[in-house]
Amino acid sequence: MLIIKQLSKSYGNTQVLKNINLNFEKGKIYGIVGKNGAGKTTLFNCLADIESYQGSITSNYTMLKNHVGLLETNPIFLSKITGWEYLKLVCRAKKVYIENFEEQNIFDLPLQQYAENYSTGMKKKLALMGILLQKNDLFILDEPFNGVDIQSNILILAILEKLKSQQKTILISSHIFSTLSSTCDHIFLLNNGVIEKKANREDFSALEKTLKKDIVENTLDQLNF
Amino acid sequence: MSYYLFLQFTRLKRWFKDLGIYPVLGFLICIIGFVLISSLLFIKTEWAKWIFSLFAFSLLIKCSSKTHNKRLKKLFNTQDRRTIRLIENIALMMPFVVFLIYKQHWTIAGGLILSAIIMAFSSSHLTWNKYIPTPFKRRPFELIMGFRQVFLLFILLYFVSFKAIQVDNYNLGIVTLAALFFVSMSFYAKPEPSYFVWIYSCKPAAFIKAKLVDALIGGAVIAGPVLIAMLIFFPANYLISIVVFFIGMLFLLSMIFAKYSAYPNPINLPQGILYAISLWFPPMLIIIIPLFYKQSKRKLDTIL
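Since the structure is predicted, the reported quantities are computational estimates derived from the model, not experimental observations.

1. Some remarks on the overall build of chain A
When its secondary structure is counted, chain A shows 6 helices and 9 strands. In summary, chain A has a C-alpha radius of gyration of 18 Å against a globular reference of 17 Å for 225 residues, a match within 12%. Based on the C-alpha atoms only, the size of chain A along its principal axes is roughly 50 × 45 × 35 Å. Counting over 225 residues, chain A shows a buried share of 40%. The long-range share in chain A, meaning contacts at least 24 apart out of those at least 6 apart in sequence, stands at 69%.

2. Examining the overall build of chain B
Across its full length, chain B holds 14 helices and 0 strands. Each helix and strand of chain B, placed in order from N terminus to C terminus, yields the pattern α-α-α-α-α-α-α-α-α-α-α-α-α-α. Relative to its length of 304 residues, chain B is compact, with a C-alpha radius of gyration of 21 Å against a globular reference of 19 Å. Its C-alpha atoms put chain B at 55 × 50 × 40 Å along the principal axes. Evaluated residue by residue, chain B yields a buried proportion of 30% over its 304 residues. Across chain B, contacts joining residues at least 24 apart in sequence account for 73% of those joining residues at least 6 apart.

3. Digging into the domain arrangement of chain B
All names here are of chain B. Segmenting chain B into domains produces domain 1 (2-121) and domain 2 (142-301). Contact residues are listed per partner, giving 8 residues for domain 1 and 10 residues for domain 2. Across the side of domain 1 that touches domain 2, the residue classes tally to 4 nonpolar, 3 polar and 1 charged.

4. Some points on the pairing of strand β2 (residues 14-24) of chain A
All names here are of chain A. Bridging between strand β1 (residues 2-11) and β2 involves 7 bridges; their strand directions are antiparallel. Note that in β2 the partner of Ile-3 across the bridge is Asn-23. In this antiparallel pair of consecutive strands, β1 and β2, the connection spans 2 residues, and Gly-12 shows a positive phi of 65 degrees.

5. Some words on the interface of chain A and chain B
For an interface, size is often stated in terms of accessible area lost upon the parts coming together. In this assembly, 19 residues from chain A lie in contact with 17 residues from chain B. Classifying every residue of the side of chain A that touches chain B by side-chain character gives 8 nonpolar, 6 polar and 5 charged.

6. Section: the sheet that holds strand β4 (residues 54-59) of chain A
All names here are of chain A. With respect to topology, 3 strands assemble into an open sheet ordered β2-β1-β4, the strand pairing being antiparallel. Lying at the two open borders of the sheet, with one neighbouring strand each, are β2 and β4. Looking at each pair of strands side by side, their axes are set apart by 20 degrees on average, direction ignored. Across the sheet, helix α1 (residues 40-47) is in contact with β1, β2 and β4; its angle to β2 comes to roughly 60 degrees.

7. Focus on unusual backbone geometry
Between Pro-140 of chain B and the following residue, Phe-141 of chain B, the backbone shows a cis peptide bond with an omega angle of 20 degrees. Tracing the sequence through the fold places Phe-141 of chain B in the loop between α6 (106-121) and α7 (142-149). With a phi close to 45 degrees, Gln-6 of chain A is a non-glycine residue in the positive phi region. Among the structural elements, Gln-6 of chain A can be located in strand β1. Its identity as a non-glycine residue notwithstanding, Gln-167 of chain A has a phi of 65 degrees, on the positive side.

8. Side note on the packing of helix α2 (residues 83-93) of chain A against helix α3 (residues 120-133) of chain A
Residues and elements named next belong to chain A. Two elements in contact, α2 and α3, have axes whose closest approach is 9 Å; the angle formed by their N-to-C orientations is 35 degrees. When you trace α2 past α3, the crossing you get is right-handed. Residue-level contacts link Gly-83, Tyr-86, Leu-87, Val-90 and Cys-91 of α2 to Leu-126, Met-129, Gly-130 and Leu-133 of α3. In terms of residue class, the contact of α2 with α3 is made up of 7 nonpolar, 2 polar and no charged.

9. Some remarks on α2 of chain A
Residue and element names in this part refer to chain A. A large share of α2 lies buried, amounting to 10 of its 11 residues. Listing the buried residues of α2 in full gives Gly-83, Trp-84, Glu-85, Tyr-86, Leu-87, Lys-88, Val-90, Cys-91, Arg-92 and Ala-93. One or two steps after α2, the chain reaches Lys-95, where phi turns positive at roughly 60 degrees.

10. Some remarks on the sheet that holds strand β8 (residues 186-191) of chain A
All names here are of chain A. The strand order β5-β6-β7-β3-β8-β9 describes an open sheet built from 6 strands, whose pairing is mixed. Of all strands in the sheet, those with a lone pairing partner are β5 (68-71) and β9 (194-200), marking the two edges. Each strand axis lies, on average, 15 degrees off the axis of its neighbour in the sheet, ignoring direction. Pairing geometry for strand β6 (residues 138-142) and strand β7 (residues 169-173), over 5 bridges, is parallel. Looking at the pairing, Phe-139 lines up with Ile-170 of β7. Lying on the sheet, α1 is in contact with β3 (29-33), β5, β6, β7 and β8; it crosses β6 at an angle near 155 degrees. Packed on one face of the sheet, helix α4 (residues 150-165) meets β3, β6 and β7 and runs near 150 degrees to β7.

Here is what the cut-offs are and how they apply
Residues numbered from 1 in each chain as written. Chains lettered and ligands numbered in written order. Predicted model: local features only at pLDDT ≥ 70, side-chain atom pairs only at ≥ 80, totals over all residues. Helix = DSSP H or I, 4+ residues; strand = E, 2+ residues; numbered from the N terminus. Rg over C-alpha atoms; globule rule 2.2 N^0.38 Å. Buried ≥ 20, exposed ≤ 12 C-beta atoms within 10 Å, placed from the backbone. Contact = placed C-beta atoms within 7 Å. Domains from an automatic or database assignment. Nonpolar A, V, L, I, M, F, W, Y, C, P; charged D, E, K, R; others polar. Pairing = 2+ DSSP bridges. Axes fitted to C-alpha atoms, helices over the stretch in contact; angles between N-to-C directions. Left-handed = near helix turned anticlockwise from the far one by under 90°.

Rendered as structure tokens:
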């Protein structure tokens, strides 16, 4: 169980997150939707203890950060480090000592090549494989489907289901609503740093309609083309 | 094109500013440092002109990287791209060429200029993208990255140490041993992205300890063979060899403390000065190491 109470975050005079209150349970998948700059990544960084914040984040773990697997939108890779060595590094950091990465290479990644030369999708898959092998309890996935081929997207959806069955907590952000509506138990709409809507499965289609209406009807006509 | 070059110069000035140095002062320090280190090299060894020119050439290769060429290709037409590459290469080689002319090594200086011109007009990319095996596979990442970035320099240094033994030149051998540590220290000079610190599930003290253990193993693997060869072939100087090895290890470890004492920023001017003083007067390490350790723990505590 993860409880966020009155979470706020500011950069100078700009308030990015405003009084967020959320609960996350084990064995559930939560989606976060919102426009670019709505505060999704900042919220994730606060949860991962990368950013300082006001308010509280409590969990069953003494040190929540050590149980979090964070998949960034654009994962960073060090130069001259192979895929195999990257996996070794992230596993070692979490005191997980494994070497048979080739056997577990479900995405067919060229692990003996330098990760910096991977395509966008391959980088994302490698980073995802890293946090899975770390055996985390809370997964924060910022745009996990972006840039990834269709076969791997299917595999990622299956991975999410397996993580759910293992009683892990998963938070996903995505700009493709259908990927969230097919996997998530709850979806939160974040707008200007505020949770505007909390939707359960039965409310997903209503939420999608609201989003479409807001974007298409209210925005499209502004641009003359 | 001129705006591109102006931006490169602006970036360099900003780099100095980020280090807390006035750009003019920064340029001055670089020039003085370059002259001092080069002079010292030419005093210490007869192989200096080769070490010097190889270092210059390695910079030229770095400047001809695939990424850099690709970026220029996207921005400029062929003519402008070649002009930029030529200006960059000549500017990069100029300090080395001037110093070599001052030392009256005309042929090598001419060779460097020629290389700079040829590489500016060459359309092929001088990058080594092939997998290079390292002895540090299980200990990512600084040692692996560093080893792969400078492996040609390592080959050269091992060759020089072999020649030192062959020609019975102890001083050259000991300079090579020190150089191996100096190169290894550079692996730890640049701070890594904070994600690669954040992923560790341990306290700052344990994190630093793990980094120190890796560096000790790395230092032993890199410089150990040269030390053993020196002990075997120059047994009379065994004490000096061991002391140089020990001090080299201490500097390698202190570099880790220095890096994390400023983390996530690069090592700043006051820390750099303290470190430079300790290079000149090694007993200063007794004060510097605990100071940097305390600062490192404080800096890492915010991330770990």
